[in-house]
2 protein chains.
Amino acid sequence: MTDLVESSQPTAWPRSDTRFILVNVSHPANVGATARAMRVMGFSDLVVVAPRMPNVLKNPQAIAMSSGATGVLRDARVVDTLTEALEGVTFACATAMTPRDFGPPTQAPRACFEALAASDHRLGLVFGCERFGLSNEDVYRCHATLSIPTDPTYGSLNLAQAVQVLAYEWRQACGGFQVEARTPPPRWADAPAIAGLLAHWEEALTHIDYLQPQAPGKLMPRLNQCANRMTLTQEEVHILRGVARAVLKACPPVTGPQTQETALPSEGLGAPE
Amino acid sequence: MTDLVESSQPTAWPRSDTRFILVNVSHPANVGATARAMRVMGFSDLVVVAPRMPNVLKNPQAIAMSSGATGVLRDARVVDTLTEALEGVTFACATAMTPRDFGPPTQAPRACFEALAASDHRLGLVFGCERFGLSNEDVYRCHATLSIPTDPTYGSLNLAQAVQVLAYEWRQACGGFQVEARTPPPRWADAPAIAGLLAHWEEALTHIDYLQPQAPGKLMPRLNQCANRMTLTQEEVHILRGVARAVLKACPPVTGPQTQETALPSEGLGAPE
């Protein structure tokens, strides 16, 4: 991650103007971890309101935890009040307990973000301090309260992890990033290729007397089902035919009926049914 | 959070038997943060494979970062190999880069979890070490590779944050926990209540000559739209009628036409249109 990438033009991804606001944050590590959590989801607008330690944006712990997302820290601002932090934000979501008397409606992030993604509001996500969350006065300034649905017997997310979940969820609501495999797309085997494989195995299994033609049971249909569930690639069909070929080559043909106590599994897959 | 709650019976929530597996983890803080991330989403089955430090489950940093989810740490196990860790797991998801040659299909968590939630597989989520992820050999043991969709120019989630996102996403796929407001449900005002409020404001605004009956413009319809967008509660209607009442009481009636340079906003909401 070079600084060049970090400091380049504002991204063209939708909603990259979303603002993340930390109010009264106590631990510099959380500021750094927040920067990283934002950056991986393509966000970069961080404002810190009245942090509890000076020079938090240049704190070595913050920088270490940002793990390369230093551009977010460098461009972040420190302000005195939530109102200043919300300049330009038209819809603010508190991430806190709602005051008990009244307050903005409490919503799960997914539902709230779905509606917001369809709007043209500029979103601000407001996070309180680690120990006490947000003051009621700050919650009253917000349009919604987001509650990450958690185990009712243990509901305490770490601050940076709450940031990560909401950054992820909001990015998903805005269409998300692509996930790409590094492997080439598989070349699936077609049904005749599977039939050829099964015939090859049938020959090998008969050769070693695991399959007895006079009492084949359901062995081959069961193996056919296994093969179908595997949805084999063409390469894998070659590998498995190689196994059958090696068995035919390595094992002497069986000349008479065998005892089967070791050859047959207890379910008697090869036995008549 | 008392230990009593932590150590109680296995939870009855669906999918609580999901296993979280950390392979070759380096930092005890990440083990603790993983325990917490699991616990908030109602999971408790943690297995650590060949950690890089001894006694990781009793490490003070791990315990500190678990922040009360000590039951998860206490019940966690340390084993030597991924195969041991996967005992009882029938579908394992690697969270790593897929090997370049071949490997399990790469999927976004939401799509993968949707399908898994509809199955009866017991899920294992396998996380690699902080610096190097998972070995190819371990990825080959898995059924799917999960890739959290991230900014393509900066894709590095912290380990514990990746755990948090997946624990959250899997819990959501399994139906999620409830989000509940702490405030009583609002008692919305009905349309006649809004009409009464607007009539009261019309009287007050006329009284102070902001609204001129001979040239009302669109002021009252605009305020009606504001009120509708607010979807006022009954209490709020009372408050706003109180304002109108106080204006009527406090201000002497206007006796003649006023100059309006300060009273009217520049858009001329009260002016004829």
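Rules used in this analysis
- Each chain carries its own residue numbering, running from 1 in the direction its sequence is written.
- To read the labels, note that chains go from A and ligands from 1, taken in the order they are written.
- Note on the predicted model: pLDDT of at least 70 is required for a residue's local features to be given, and 80 or more for side-chain atom pairs to be given and counted; whole-chain, interface and lining totals, by contrast, use all residues.
- Water and hydrogen atoms play no part in the side-chain values, which are based on all heavy atoms of the structure.
- Only DSSP runs of H or I covering at least 4 residues are called helices, and only runs of E covering at least 2 are called strands; the numbering of each starts at the N terminus.
- Exposed residues in this analysis have more than 50% of their type's maximum accessible area, buried residues have under 20%, and partly exposed residues fall in between, with area computed by a 1.4 Å probe over protein chains only.
- Two residues qualify as a contact provided that any one of their heavy atoms is within 4.5 Å of a heavy atom in the partner residue.
- Each aromatic pair joins two rings of Phe, Tyr and Trp (for Trp, the six-membered one) with centres within 6.5 Å, and gets the label stacked for planes under 30 degrees apart, edge-to-face for over 60, and tilted for any other angle.
- Note on pairing: DSSP must find at least two bridges between two strands before they are called paired.
- A crossover counts as right-handed when, viewed with the strands pointing away from the observer, the path leading from the first strand over the helix to the second turns clockwise.
- Only buried residues count toward a nonpolar core, which is a set of Ala, Val, Leu, Ile, Met, Phe, Trp, Tyr and Cys residues joined through side-chain atoms within 4.5 Å.
- Think of each axis as a best-fit line through the C-alpha atoms, taken over the contacting stretch in the case of a helix, with angles from 0 to 180 degrees between the N-to-C directions.
- Note: buried area is the sum, over both parts, of the accessible area (probe 1.4 Å) each one loses when the two are combined.
- Salt bridges are counted wherever a side-chain nitrogen of Lys or Arg sits within 4 Å of a carboxyl oxygen of Asp or Glu.
- Polar contact is the term for a pair of N or O atoms within 3.5 Å; when the atoms are in protein, one must be able to donate a hydrogen and the other to accept it, and sequence-neighboring residues count only if both atoms are side-chain atoms.
- Put simply, Ala, Val, Leu, Ile, Met, Phe, Trp, Tyr, Cys and Pro go in the nonpolar bin, Asp, Glu, Lys and Arg in the charged bin, and everything else, Gly too, in the polar bin.

Caption draft 1: Representation of the overall build of chain A. A tally of regular secondary structure across chain A gives 11 helices and seven strands. Burial analysis of chain A (273 residues in total) assigns 45% to the buried set. Taking contacts inside chain A between residues at least 6 apart in sequence as the whole, the part at least 24 apart equals 85%.

Caption draft 2: Inspection of the packing of aromatic side chains at higher detail. Overall, the coordinates contain eight aromatic pairs over all chains when judged by the stated rule. Both rings, one in phenylalanine 20 of chain B and one in phenylalanine 127 of chain B, keep their centres 6.4 Å apart while their planes meet at 10°; by these two values the pair is stacked. Within this pair, whereas phenylalanine 20 of chain B is found in strand E1 (residues 19–23), its partner phenylalanine 127 of chain B is found in strand E6 (residues 123–127), the two being separated by 107 residues in sequence. Taking relative accessible area as the criterion, phenylalanine 20 of chain B reaches 0% and is therefore assigned buried. Through pairs of rings, three or more aromatic residues link up here, namely Phe20, Phe43 and Phe127 of chain A.

Caption draft 3: Focus on the pairing of E1 of chain B. Residue and element names in this part refer to chain B. Most of E1 is tucked away: five of the five residues are buried. Covered by surrounding structure in E1 are Arg19, Ile21 and Val23 together with Phe20 and Leu22, the residues of both alternating faces. Relative to strand E2 (residues 45–49), E1 runs parallel, the two sharing five bridges. Looking at E2, one finds that valine 23 is bridged to valine 49. A crossover links E1 with its parallel partner E2, the connecting element being helix H2 (residues 28–40), and its sense is right-handed. Pairing of E1 with E6, which is carried by four bridges, proceeds in the parallel orientation. The partner of leucine 22 across the bridge, within E6, is phenylalanine 127.

Caption draft 4: Up close: the nonpolar core. In this structure, Leu46 of chain A together with Leu46 of chain B are the most contacted members of the largest nonpolar core, which totals 84 residues. Contact partners of leucine 46 of chain A, with chain neighbours within four places excluded, come to Phe20, Leu22, Val31, Thr34, Met38, Val72, Leu73, Ala76 and Arg77 of chain A.

Caption draft 5: Structural detail: the sheet that holds strand E4 (residues 91–95) of chain A. Residues and elements named next belong to chain A. Read from one edge of the open sheet, seven strands run E3-E2-E1-E6-E4-E7-E5, paired in parallel fashion. The outermost strands of the open sheet, each flanked by one partner alone, are strand E3 (77–79) and strand E5 (106–107). Pairing geometry for E5 and strand E7 (residues 144–146), over two bridges, is parallel. Residue pairing across strands places threonine 106 opposite threonine 145, the latter belonging to E7. Helix H2 (residues 28–40) rests against strand E1 (19–23) and strand E2 (45–49) of the sheet, and its axis sits at about 155° to E2. Helix H8 (residues 159–173) rests against E1, E4, strand E6 (123–127) and E7 of the sheet, and its axis sits at about 160° to E6.

Caption draft 6: Quick look at the interface of chain B and chain A. At the junction of the two partners, chain B supplies 52 residues and chain A supplies 52 residues. Both faces combined, the contact of chain B with chain A buries some 4400 Å², and carbon together with sulfur accounts for 57% of it. Where chain B meets chain A, there are four salt bridges. Its salt-bridge partner being glutamate 169 of chain A, residue arginine 110 of chain B comes within 2.6 Å of it at the nearest N-O pair. If you look at where chain B meets chain A, you find 20 residue pairs in polar contact (both at pLDDT 80 or more). When residues in the side of chain B that touches chain A are grouped by element, the largest group, seven residues, is from helix H8 (residues 159–173) of chain B. Among the residues forming the side of chain B that touches chain A, the class breakdown is 25 nonpolar, 18 polar and nine charged.

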